[in-house]
Amino acid sequence: MSETLRVIGDTLPGADLNAPLLEVENLQVEFKVRGKSVPAVRGATFTLEQGRTLAVVGESGSGKSVTSQAIMGIVDDPPGRVTGGEVRLHGIDLLKQDEETRRTVRGNHIAVIFQDALSALNPLWSVGFQIGELFRVHRGSTRAEAKKRAIELLDQVGIPDAKNRVGHYPHQFSGGMRQRVMIAMALALDPEVLIADEPTTALDVTVQAQIMRLLKQIQDERHMGLILITHDLGVVADVADEVAVMYAGEVVERATIRDTFKQPAHPYTKALLRAIPRVDTVGQELEVIRGLPPNPASLPGGCPFHPRCWAAEDKCSTEVPPMIEAAPEHRSRCHFATEVYTNER
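What counts as what
- Residues numbered from 1 in each chain as written.
- Predicted model: local features only at pLDDT ≥ 70, side-chain atom pairs only at ≥ 80, totals over all residues.
- Heavy atoms only, no water.
- Helix = DSSP H or I, 4+ residues; strand = E, 2+ residues; numbered from the N terminus.
- Rg over C-alpha atoms; globule rule 2.2 N^0.38 Å.
- Buried < 20%, exposed > 50% of the residue type's maximum accessible area, 1.4 Å probe, protein only.
- Contact = heavy atoms within 4.5 Å.
- UniProt positions renumbered as here; feature names shortened; annotations may be inferred.
- Core = buried A, V, L, I, M, F, W, Y, C linked by side-chain atoms within 4.5 Å.

Summing up its helical and strand segments, the chain has 13 helices and 12 strands in all. Against the compact-globule benchmark of 20 Å for 345 residues, the chain has a radius of gyration of 21 Å, which places it among compact chains. Across its three principal directions, the C-alpha atoms of the chain cover 65 × 50 × 45 Å. Counting over 345 residues, the chain shows a buried share of 49%. Considering only contacts within the chain whose residues lie at least 6 apart along the sequence, 65% involve residues at least 24 apart.

Another point: the UniProt feature "domain: ABC transporter" (unreviewed entry) in the chain. The sites that UniProt annotates as "domain: ABC transporter" (unreviewed entry) are residues 22-273. As annotated, residues 22-273 has a helix share of 40% and a strand share of 28%, and its two end C-alpha atoms lie 27 Å apart.

To continue, consider the nonpolar core. Within the largest apolar cluster, 60 residues are counted, with the highest numbers of intra-cluster contacts made by Leu154, Ile183 and Leu194. Top element by residues in this core is helix H8 (residues 175-187). It accounts for 7 residues. Excluding residues that lie within four positions of it along the chain, isoleucine 183 makes contacts with Ile113, Val157, Ile211, Leu214, Leu215 and Ile218. Ile110, Ile229, Ala244 and Met323 belong to the second largest nonpolar core, which has 31 residues in total.

If you want it as structure tokens, here you go:
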């Protein structure tokens, strides 16, 4: 049993270390917009095991980042609030804990890498000071000890000449290097769950690959659970174990990475895969998903994807589809999931 697990047992009485690392069940989040409640996450459900990588994918506005914020307990209230569901860490529902306990969990047990490193880092302080602050506040380290740990972390994430660069400011780093600094901050307190929210946004493809390899390497070394949030299925192909596809605030498909790519059971997942540029389609027009994601304030009836779905039938516009088991360990929120899975549609 690791020291981190023992701390969780002390911090959250009743923690079951034999339970799944993280379970999100029927999570619901809404925002107040002009006096109206607008759903942002509608019943999201998935599980993350220790040492595994779960990719949460979908277009912008599908609820991916809000889900991660709800897990971390950092949804701005107001205007947002969690209205239902459970977020269980080793069997303990974090949503039922007081704010002091949630602060203990954040960083120590669940950490996040934000997608915009330049906005997330304070421009007035050196990166070493910002990393070291975590050790000073949470571990009671001296300034010298904190600086030493900051240098070690910067070196671990591949910052060249970390000993000298620890005193540099965010604007003195490139986009890829700033993202590495964010990874170092997230890893500082040795969390069990790491949430990477669009960690390769605005980076060129070469740097994207470097960041993804770094995350995979660190996860393997620390045996963490990793939640990778992205809009690009191609980014997760080599690192994810499982995929949760989100659309209009809900998870519409959950499957292994192999089944997701080889036999997707939801038309939306198929559409996302067709939109990935491929080397064997050079010179051909890139496929796109017709239409736009629905407005969460006025979702269509039935299946929210049906206005954009080529396989939709009359029932799709009137009946909400259940989560169907298309195959073992493969579930899809589509009336015709089994037929889609077997490529009959």
